[in-house]
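A look at the structure
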Amino acid sequence: MTAASEPAGTFTAAFGRPPEGVWAAPGRVNVIGEHTDYNEGFVLPMALPHGVRAAAARTDGSTVRVVSRQEPGEPATFGTDAEPGSVTGWAAYVAGVVWSLRSSGFELGGADIAIDGDVPAGAGLSSSAALECAVATALAGLFGLDLEDAELARAAQRAENEFVGMPCGVMDQMASMSATADHLLFLDTRSLATEQVPFVPTAHGRTLLVLDTRAPHRLVDGEYADRRRTCEKAAAALGVRMLRDVTSDALPGALSRLDDEVQRRRVRHVVTENERVLGVVRRLRAGDIDGIGPLLTASHASLRDDYEVTVPELDTAVDAALAAGALGARMTGGGFGGCVIALVAEDEAATVLAGVRESFARNGFAEPAGFAATPSPGARRLS
Ligand code: GLA
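Source: prediction; values computed, not measured.

A separate point is the overall build of the chain. The number of helices and strands found in the chain is 11 helices and 12 strands. Counting the 383 residues in the chain, one finds 56% classified as buried. Once local pairs closer than 6 in sequence are excluded, the contacts in the chain between residues at least 24 apart make up 73%.

Here it is, written out as structure tokens:
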């Protein structure tokens, strides 16, 4: 992330006075536990060094004005009582957080906010959660709201679900709020209990590469909502609250009780994915970083074959990374485009990236981007 001085400069240029403070929240990459969060299962994301900063100050009155370095133009302006549907575009994420906090009973006055972000947009690295969490943290700071990280994450998720209209789970917002440097965030999305699991791949001569396929997102929201509905129907058919309640021992019996082949595949993914998260956590606690590789690759196969959320670019990136020597690789995030992660030996990172690039060129895909992911801090006040 760039320094606090940049959003502060944008703030001063737009509003003619300095901000009261600058707050930041990161994007995330999920190491494993995909499409488990809305089934109340387990996830294991980390925060990225990329994020969103919000420079902000209170005003008299009840108007919020917000500018963004990435979206030059007049400030987006709305009242603190703005209802869902009344604000659209990027400012809806900001208005959604104001709405979410107010409808939970918190008193907010007017505010001026300047946003600055460097999470690659459309790459599935949670630029929207970073924006929501930066704004939530800034508002909590400005108005002295006494809220835990998990409560701010829930408020941000509600903004996205009910104001923006994307039925996401809580993983991205929890990662953005609660992740810490040098750790993965092991999260039980039912209880929101967390454990910080040490993860410093370079201490083992390893790197976690993030490969942005730059594949255009296709049908993302409709497909996502569809997966979520299928899981809820399957849980109801099995007589459990959520698919989280199906253990791996109970999986064969559960599958035999479902008539619908699509439901059977979705259930098998969720149950085996939860098991893989626990397997990765066990291995990392034991210091066995290479041991997580096969679980990452198995997660991808399950997302491709059972959950059906991959696209050719994601499958090609995973296959090419493995062929070039990666210890494990998988798509990360919601799917239908976005990024792949690959666990690689540090001295082979360039070879793996080159292998993926070559394979993309052969297939006529856009050139992928790559960077090494460093587990970074969650939301905080910068100045
Ligand atoms: C998106 C959602 C998350 C989660 C992932 C899939 O990133 O925002 O809540 O469901 O997809 O794991």
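Viewed as axis vectors pointing N to C, helix 2 (residues 91-103) and helix 4 (residues 149-164) meet at an angle of 115°, and their least axial separation amounts to 8 Å. The hand of the helix 2/helix 4 crossing is right-handed. Across from Ala-92, Tyr-93, Ala-95, Gly-96, Val-97, Trp-99, Ser-100, Leu-101 and Ser-103 in helix 2, the residues of helix 4 making contact are Leu-152, Ala-155, Arg-158, Ala-159, Glu-160, Glu-162, Phe-163 and Val-164.

So, about the packing of helix 4 against helix 5 (residues 171-178). Viewed as axis vectors pointing N to C, helix 4 and helix 5 meet at an angle of 140°, and their least axial separation amounts to 8 Å. Considering the angle they form, helix 4 stands oblique to helix 5. For the pair helix 4 and helix 5, the sense of crossing is right-handed. Facing Asp-149, Ala-150, Leu-152, Ala-153, Ala-156, Gln-157 and Glu-160 of helix 4, the residues of helix 5 in contact are Gln-173, Met-174, Met-177 and Ser-178. Broken down by class, the residue content of the contact of helix 4 with helix 5 amounts to 6 nonpolar, 3 polar and 2 charged.

Looking now at the site of the ligand. Residues in close proximity to the ligand include Arg-28, Glu-34, His-35, Asp-37, Tyr-38, Cys-168, Gly-169, Met-171, Asp-172, Tyr-224, Gly-333 and Gly-334, which together make up its full environment. A distance of 2.6 Å separates an oxygen atom of the ligand from a polar backbone atom of His-35. Interatomic distance of 2.6 Å between a side-chain N/O atom of Tyr-224 and an oxygen atom of the ligand. About the coverage of the ligand: the protein hides 94% of its 310 Å² of free accessible area. Judged by the fraction of its atoms near the pocket grid, the ligand is located in the largest pocket. By residue class, the composition of the shell around the ligand is 4 nonpolar, 4 polar and 4 charged. If you count residues domain by domain, the shell around the ligand takes at least three from each of domain 1 (5-195 + 376-381) and domain 2 (199-372).

This part is about the sheet that holds strand 8 (residues 206-212). If you walk across this open sheet you meet the 4 strands as 9-10-8-11, and the pairing is antiparallel. Bordering the open sheet on either side are strand 9 (328-332) and strand 11 (369-372), each of which pairs with just one other strand. On average, each strand axis in the sheet is inclined to that of its neighbour by 25°, with strand direction left out of account. Its contacts with the sheet put helix 9 (residues 293-305) on strand 9 and strand 10 (339-345), and the angle it makes with strand 9 is roughly 40°.

Once the domains are mapped, the chain shows domain 1 (5-195 + 376-381) and domain 2 (199-372). Between domain 1 and domain 2 the total buried area reaches about 3300 Å² when both faces are included, carbon and sulfur atoms providing 63% of it. When residues of domain 1 are sorted by the area they lose upon contact with domain 2, Ile-32, His-35 and Tyr-38 head the list and together hold 21% of the total. At the boundary of domain 1 with domain 2, the tally comes to 5 salt bridges.

What follows is about the pairing of strand 3 (residues 63-68). Two elements, strand 3 and strand 4 (residues 71-79), share 5 bridges in a ladder whose sense is antiparallel. Across the sheet, Arg-65 pairs through a bridge with Thr-77, a residue of strand 4. Joining the antiparallel neighbours strand 3 and strand 4 is a turn of 2 residues. In terms of strand pairing, strand 3 meets strand 5 (residues 110-117) through 5 bridges, oriented parallel. Across the sheet, residue Ser-68 finds its bridge partner in strand 5, namely Ile-115.

Let us now look at unusual backbone geometry. If you check the backbone angles, His-35 has positive phi at about 60° while not being a glycine. Mapping His-35 onto the fold places it in the loop between strand 1 (21-32) and strand 2 (42-59). In this structure His-35 comes out as buried when scored by relative accessible area, which is 5%. Non-glycine residue Arg-214 carries a positive phi angle of around 55°. One can find Arg-214 in the loop between strand 8 and helix 6 (220-238).

As a further point, take the side chain of Asp-212. Relative to the elements of secondary structure, Asp-212 occurs in strand 8. Look at Asp-212: it is buried, it has no salt bridge, and the nearest opposite charge is Arg-214 at 4.6 Å. One polar contact links the side chain of Asp-212 to the main-chain amide nitrogen of Arg-214, over a distance of 2.9 Å. Apart from residues lying up to four places away in sequence, Asp-212 is in contact with Ala-123, Gly-338, Cys-339, Pro-368 and Ala-369.

Looking at the largest pocket, its volume works out to about 930 Å³. For the lining of the largest pocket, the secondary-structure elements that each account for two or more residues are strand 2, strand 5, helix 3 (127-142), helix 4, helix 5 and helix 6. The element contributing the most residues to the lining of the largest pocket is helix 3, with 4 residues. A per-class count over the lining of the largest pocket returns 18 nonpolar, 20 polar and 9 charged. There are two domains that each give the lining of the largest pocket at least three residues, and those are domain 1 (5-195 + 376-381) and domain 2 (199-372).

Both the distance between ring centres and the angle between the ring planes are used here to describe each pair of aromatic rings. Considering all chains together, one arrives at 5 aromatic pairs under this definition. A ring pair is formed by Phe-42 and Phe-186, whose centres lie 5.9 Å apart and whose planes are at 45°; its orientation type is tilted. Taken as a pair, Phe-42 in strand 2 and Phe-186 in strand 6 (residues 183-188) lie far apart in primary sequence, 144 residues in all. For the pair Phe-42 and Phe-186, a shared accessibility class is recorded, and that class is buried. Over the aromatic face of Tyr-307 sits the side chain of Arg-266, whose NZ or CZ is 5.8 Å from the ring centroid.

Cut-offs applied
Residues numbered from 1 in each chain as written. Predicted model: local features only at pLDDT ≥ 70, side-chain atom pairs only at ≥ 80, totals over all residues. Heavy atoms only, no water. Helix = DSSP H or I, 4+ residues; strand = E, 2+ residues; numbered from the N terminus. Buried < 20%, exposed > 50% of the residue type's maximum accessible area, 1.4 Å probe, protein only. Contact = heavy atoms within 4.5 Å. Axes fitted to C-alpha atoms, helices over the stretch in contact; angles between N-to-C directions. Left-handed = near helix turned anticlockwise from the far one by under 90°. Parallel < 35°, antiparallel > 145°, perpendicular 65-115°, else oblique. Nonpolar A, V, L, I, M, F, W, Y, C, P; charged D, E, K, R; others polar. Near = heavy atom within 4 Å. Polar contact = N/O pair within 3.5 Å; in protein donor to acceptor, adjacent residues only side chain to side chain. Areas by Shrake-Rupley, 256 points an atom, 1.4 Å probe, with all protein chains shown as cover. 1 Å grid on protein atoms, 1.4 Å probe; cavity = no way out; pocket = protein on both sides within 12 Å on 5 of 7 lines; lining within 4 Å. Sits in = over half its atoms within 2 Å of the grid points. Domains from an automatic or database assignment. Pairing = 2+ DSSP bridges. Buried area = accessible area lost by both parts, 1.4 Å probe. Salt bridge = Lys/Arg side-chain N within 4 Å of Asp/Glu carboxyl O. Lys, Arg positive; Asp, Glu negative; His and termini not counted. Points joined across faces, edges and corners; volume = space filled by probe spheres on them. Phe/Tyr/Trp six-rings, centres within 6.5 Å; stacked < 30°, edge-to-face > 60°. Lys NZ or Arg CZ within 6 Å of the ring centre and 35° of its normal.

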